[in-house]
Amino acid sequence: MIRKSNRERRPDRLSTYFYQERRVLAGITLTGILYNAGLTAGPYFEGQLTLCLMAVLAGEKSGIDMIKLGGVYLIVILIVQGARCLKRFGVRRFANDTARSMRRVLYRNLVYQNPAVLSADEAGSLMTKAISDVDACAEGMRKFTTEVFDTGVVMIAYLGMLMAYDLRLTLLACVFAPLAALLAQKLKHPITRSAAAYKNSVSQLNTMTLDRVSNALTYRVFGCENQRDQALGDQLAVVEKNAVVSSAWENAMQPLYNIIAMAGVVFVLLRGVQNVSDTGWAAWDLAAFTTYLNCFSRLALKSSHAAKLFNAVQKAKVSWQRIQPQLQPVKIPDSTLPPTAGPAELKVEDLSFAYPHQPPLFEHVSFQVHAGQIIGITGPLACGKSTLGRLLLGELPYTGSLRINGLEIAQLNSAQISHLVGYLGHAPQLLSDTIEENIQLGEDLDCAPWLKLTALKEEVVAMPEGLKTQIGAQGTRLSGGQQARLALARTLARPRPVWVLDDPFSAVDPATEDEILRNLRVLGKDRIILLISHRLTHFAQFDQVLWLENGTARIADPATMMAENPAYARLVKTQQKKAGDDDEK
Ligand SMILES: Nc1ncnc2c1ncn2[C@@H]1O[C@H](COP(=O)(O)OP(=O)(O)OP(=O)(O)O)[C@@H](O)[C@H]1O
């Protein structure tokens with residue numbers, strides 16, 4: 001028999017979580033059986049105490065006998081309640097551990113899964129899954145585990161006891177309990193439906209809240225605040241309504257389940273009296289009658305709980321179905337790169353790419369770049385400049401070949417690519433943290449040289465808290481140019497064979513751009529720098545210019561590009577003229 005190790009077990013199966021907690025579950029089983037079997041001691045001792053009291057009154061027993069019996073009952077209660085405490089502790093621990101494990105897997109999925117797969121879900125929905133659905137699942141599993149003992153074991157114990165007293169009466173009186181379970185089963189669909197509607201409305205509310213907060217300025221500037229707040233308020237009302245409906249389906253049926261399960265008490269009373277008066281199916285004394293009645297009401301109550309439990313599990317199942325797709329096993333990619341020799345080299349051959357359901361953005365593109373070169377990438381609007389950068393990150397599937405140092409990008413994982421390609425995207429993507437942490441990202445790096453390289457050092461030194469300055473969400477406490485340079489410093493602090501810099505100078509003045517480019521030239525002497533830009537002021541200083549247009553690519557040194565590509569030459573001249581006019585002004 002092949003035994004699966006913990007790591008091989010599938011996190012998208014519920015059984016995995018029960019298996020992981022097998023030791024805790026074993027403890028719950030022991031204490032649960034002790035507690036629940038011990039519960040039958042209650043009715044038994046109550047019956048014995050009644051009998052003893054009658055004997056004391058009749059002068060057959062003394063008060064001491066009664067005290068002794070009461071003392072034993074007390075000790076039994078203490079043991080039983082002690083077991084109950086331990087069982088509760090175990091069950092809570094089981095739920096907490098399970099929620100933690102699920103959250104860990106879900107988090108890994110969010111971090112490592114293909115962004116295209118994740119983008120199928122709205123941010124609010126992902127948050128709802130990561131927080132409330134995981135809790136709902138763990139809670140469902142906790143309730144199930146608890147009730148297996150609190151209801152299942154104790155029901156069996158009670159049933160056994162009742163049968164021992166009067167088999168036929170027990171069969172007759174207990175015939176109603178399954179009816180409650182049957183009704184609960186029939187209510188499965190409305191319960192599942194209402195729980196799913198509630199969860200979806202919460203997801204939508206979270207998405208709207210995130211949108212409202214992150215786009216607050218846009219809504220204020222365009223005067224849409226009231227309209228957005230109204231929409232948020234409406235969604236809140238939907239959530240409240242769905243919460244009430246969902247909870248009503250789950251909880252409002254409990255009294256009905258109780259009544260159905262208790263219906264058998266009529267038989268217990270009728271036949272019980274006959275048993276005591278020796279005309280029934282069994283011969284009882286008064287203690288037996290008390291014990292039986294007590295035991296039966298507890299059993300009826302428990303069986304109505306079982307019906308409610310069934311509904312609670314149905315509700316938790318909705319959450320499980322929502323998170324299960326995000327609990328697929330994720331392998332953290334191995335970042336070891338195959339060995340390569342020689343200086344950095346980028347070779348693009350016959351590259352073609354199209355976004356889904358769109359015409360090709362690139363067709364049969366080929367070019368080659370060597371170490372020490374700075375390549376300016378430009379072209380008409382939306383010609384695919386940023387997309388080319390993202391292809392080098394391995395984020396998009398392409399045909400043809402895209403090789404860095406002889407390694408095909410499509411055959412590498414994201415961790416390996418991160419050792420080959422440094423990237424600065426269109427948006428600075430800054431963390432809501434200090435300047436220092438935005439560069440270090442948890443690594444032990446000296447920030448000063450990188451701030452100097454990006455002409456940001458003096459400005460940071462002048463800030464009252466220097467490197468420890470908090471920059472706010474997305475760097476909002478910095479100017480646009482400071483944000484761009486801080487993001488550039490973070491990229492340059494991690495030397496890679498290829499750097500892709502997507503429009504790094506759009507918010508930087510020409511003099512600062514000049515200074516940074518001089519520094520880049522020194523820093524990039526054994527690397528390749530691909531600089532994507534619309535601003536062509538400095539393209540004449542670059543080694544090559546890559547012109548993208550209508551799915552094709554032309555690469556040439558800047559002078560040749562000026563001479564042979566009229567569209568490029570026109571663009572350069574227009575920008576030069578505008579710069580001259582600005583200077584005159
Ligand atoms: N994720 C995407 N899905 C579908 N189409 C996309 C996606 N991203 C970009 N596009 C489309 O691909 C084309 C090229 O986009 P890209 O951002 O690469 O161009 P660009 O040259 O960098 O643009 P710009 O000149 O505005 O800087 C555009 O028509 C754009 O609408």
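Residues numbered from 1 in each chain as written. Predicted model: local features only at pLDDT ≥ 70, side-chain atom pairs only at ≥ 80, totals over all residues. Heavy atoms only, no water.

Which entries qualify depends on this criterion: UniProt positions are given in the numbering used here, feature names are shortened, and annotations may be inferred rather than shown by experiment.
As recorded in an unreviewed UniProt entry, the protein goes by the name ABC transporter ATP-binding protein, listed as coming from Holdemania filiformis. According to UniProt, the comment filed for the protein under the heading Subcellular location (unreviewed entry) is "Cell membrane".

**Remarks on the overall build of the protein**
Heads up, the condition is: Each helix is a run of H or I in the DSSP string that is no shorter than four residues. Each strand is a run of E no shorter than two, and both are numbered from the N terminus. Values of the radius of gyration come from C-alpha atoms, whereas the globule rule sets the reference at 2.2 Å times the count of residues to the power 0.38. Relative accessible area decides the class of each residue, using a 1.4 Å probe on protein chains only: under 20% of the type maximum gives buried, over 50% gives exposed, and in between gives partly exposed. Contacts were defined at the residue level, with two residues in contact if any of their heavy atoms lie within 4.5 Å. Exposure was quantified through the Shrake-Rupley algorithm and a 1.4 Å probe, taking into account, for residues, occlusion by the shown protein chains and nothing else.
Across its full length, the protein holds 23 helices and 10 strands. The C-alpha radius of gyration of the protein comes to 36 Å, more than 25% above the 25 Å expected for a compact globule of 585 residues. The buried share of the protein, reckoned over its 585 residues, is 43%. When contacts within the protein are restricted to residue pairs at least 6 apart in sequence, those whose partners lie at least 24 apart make up 75%. Looking at the protein as shown, the accessible area adds up to about 30600 Å², and 60% of this sits on carbon and sulfur atoms.

**What about the domain arrangement of the protein?**
Put simply, the test is: The domain boundaries here were taken from an automatic or database domain assignment.
Each assigned domain of the protein is listed here: domain 1 (6-187 + 253-327) and domain 2 (345-584). Of note, the centres of domain 1 and domain 2, computed from C-alpha atoms alone, are 63 Å apart.

**Let's talk about the site of the ligand**
Heads up, the rule is: A single heavy atom is enough: if one lies within 4 Å of a molecule or strand, its residue is considered near that molecule or strand. Polar contacts, as used here, are pairs of N or O atoms within 3.5 Å; protein pairs need one atom able to donate a hydrogen and one able to accept it. Residues neighboring in sequence count only if both atoms are side-chain atoms. Gly counts as polar in this scheme, as do all residues outside two lists: the nonpolar Ala, Val, Leu, Ile, Met, Phe, Trp, Tyr, Cys and Pro, and the charged Asp, Glu, Lys and Arg.
The local shell around the ligand consists of Y355, Q358, L361, L381, A382, C383, G384, K385, S386, T387, H426 and H534. Within the side chain of Q358, an N or O atom sits 3.3 Å from a nitrogen atom of the ligand. At 3.0 Å, a backbone N or O of G384 approaches an oxygen atom of the ligand. Considered on its own, the ligand offers 640 Å² of accessible surface; in the complex 61% of this is hidden by protein. Classifying every residue of the shell around the ligand by side-chain character gives 5 nonpolar, 6 polar and 1 charged.

**Brief notes about the UniProt feature "domain: ABC transporter" (unreviewed entry) in the protein**
The feature "domain: ABC transporter" (unreviewed entry), as annotated in UniProt, sits at residues 346-575 in this numbering. End C-alpha to end C-alpha, residues 346-575 measures 30 Å, and it is 33% helix and 24% strand.

**Looking at the state of the cysteines**
Quick reminder of the rule: A pair of cysteine sulfur atoms is labelled a disulfide when the two atoms are within 2.5 Å.
Using the criterion set out here, one finds 0 disulfides in the structure. Take C174: it sits in no disulfide, and the sulfur closest to it among the cysteines is that of C295, at 9.6 Å.

**Topic: the packing of aromatic side chains**
Threshold: Paired rings are identified among Phe, Tyr and Trp, the last through its six-membered ring, by centres lying within 6.5 Å, and are further divided according to the angle between planes into stacked (under 30 degrees), edge-to-face (over 60) and tilted (the rest).
Under the defined criterion, the tally for this structure stands at 11 aromatic pairs. Both rings, one in F176 and one in F267, keep their centres 6.2 Å apart while their planes meet at 20°; by these two values the pair is stacked. Of the two residues, F176 is situated in the loop between α7 (167-173) and α8 (177-186) and F267 in helix α13 (residues 265-276); the sequence distance between them amounts to 91 residues. Judged by its relative accessible area of 22%, F176 is partly exposed. Residue class for F267 comes out partly exposed when judged on its relative accessible area of 27%.

**Let's talk about the sheet that holds strand β9 (residues 544-549)**
As a reminder of what qualifies: Paired strands, as defined in this entry, are two strands with at least two bridges between them according to DSSP. Angular values range over 0 to 180 degrees, each being the angle between N-to-C directions of two axes fitted as lines to C-alpha atoms, with helices fitted over their stretch in contact.
Taken together, 6 strands build an open sheet; the order of strands is β6-β7-β8-β3-β9-β10 and the sheet is mixed. Bordering the open sheet on either side are β6 (421-424) and β10 (552-556), each of which pairs with just one other strand. For this sheet the average axis-to-axis angle between neighbouring strands, irrespective of direction, equals 15°. With 4 bridges connecting them, strand β3 (residues 374-378) and strand β8 (residues 528-532) associate as parallel partners. Looking at the pairing, I377 lines up with I532 of β8. Across the sheet, helix α20 (residues 480-492) touches β6 and β7 (498-502), and the angle it forms with β6 is around 175°. Helix α21 (residues 510-523) contacts β3, β7 and β8 of the sheet and is inclined by roughly 150° relative to β8.

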